[in-house]
Amino acid sequence: MMARRWVLSLLFSIQIYAAMLVLALVFFPAALVSRKGAKRACHTWCAWVLWSARTMLGLRTEIRGTPPEGAVLVAAKHQSFLDIILIFHSLPSARFIMKRILLFSPIFGQYAWRIGCIPVNRGKRGAAIAKMVRDATREMALPGQLIIYPQGTRVAPGAHKPYKIGTGVLYETMEQTCVPVATNAGVFWPRRGIIRQPGLAVVEFLDPVPPGQPKEDFLAQIEPLIETASDRLMEEAGFRKEKTA
């Protein structure tokens, strides 16, 4: 059974990246002309990944809460590549704060740049935050949802990583509503390894946090909201966190 699951997961991974290449070529003229064309390509690929995950692996997905449609900051729990796909696909005009090195990834990087993602050099913390804020405020005229991962990277289910100040600085500077997002996607699609598990992966949009708080108070509010909701979703999926003594 485990061998079959491994083979199916490998085939699934191969075909979604093959589909990425095909769709990138098909949509290239539209993506070259407009950002809307690039977004359509990305949404089409996301739909394919979610459909093939359900049909090949028995991995179903669900969006809970109300995905925002206007210009907001989205602060999301990040466990898996799957939560990136789910969040992006559920929003009408999303772009990400992302690691700069990803811009150099074939296809993925070019389309990320085309839809307006904002690269960050994580090796230079203070300068990186300042540049991130400048880039984000410069593009506030663009309609859409700016997604940031407060922990700065994927965090495996059950692991702890503190929330970084950059999200608070961005919230305070942009003066926009923030929508926190919880997930259990890492239970089924881990950050490392081939095997993808069947089940129900959920992304949940939580109640919006209005602008106007100091960054420290904002971070103190969203961290327990996101972590508690994510723990609840993981427990629903059958995952149990190890209790510390």
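Residues numbered from 1 in each chain as written. Predicted model: local features only at pLDDT ≥ 70, side-chain atom pairs only at ≥ 80, totals over all residues. Heavy atoms only, no water.

Some words on unusual backbone geometry
Logical step 1: The backbone of Ile107 sits at a positive phi, close to 65°, despite the residue not being glycine.
Logical step 2: Mapped onto the elements of the fold, Ile107 is located in the loop between strand 3 (94–99) and helix 5 (108–114).
Logical step 3: Judged by relative accessible area, Ile107 falls into the partly exposed class, the value being 22%.
Logical step 4: Although it is not a glycine, Glu175 adopts a positive phi angle of roughly 55°. (Helix = DSSP H or I, 4+ residues; strand = E, 2+ residues; numbered from the N terminus. Buried < 20%, exposed > 50% of the residue type's maximum accessible area, 1.4 Å probe, protein only.)

Some points on the layout of surface pockets
Logical step 1: One number sums up the size of the largest pocket: a volume of about 1200 Å³.
Logical step 2: The wall of the largest pocket is formed by 49 residues, among which His78, Ile84, Met98, Lys99 and Leu102 lie closest to the centre.
Logical step 3: Of all the secondary-structure elements, those providing two or more residues to the lining of the largest pocket are helix 1 (2–26), helix 3 (35–57), helix 4 (81–90), strand 3, helix 5, helix 6 (125–138) and helix 7 (165–174).
Logical step 4: The greatest single-element share of the lining of the largest pocket, amounting to six residues, is contributed by helix 1.
Logical step 5: Along the lines of polarity and charge, the residues of the lining of the largest pocket split into 32 nonpolar, nine polar and eight charged.
Logical step 6: The wall of the second largest pocket is formed by Leu21, Ala24, Leu25, Phe28, Ala31, Leu32, Gln110, Tyr111, Trp113 and Arg114.
Logical step 7: Among the secondary structure elements, those contributing two or more residues to the lining of the second largest pocket are helix 1, helix 2 (28–33) and helix 5.
Logical step 8: When residues of the lining of the second largest pocket are assigned to their parent elements, the largest contribution, four residues, is made by helix 5.
Logical step 9: Among the residues making up the lining of the second largest pocket, the classes are represented as eight nonpolar, one polar and one charged. (1 Å grid on protein atoms, 1.4 Å probe; cavity = no way out; pocket = protein on both sides within 12 Å on 5 of 7 lines; lining within 4 Å. Points joined across faces, edges and corners; volume = space filled by probe spheres on them. Nonpolar A, V, L, I, M, F, W, Y, C, P; charged D, E, K, R; others polar.)

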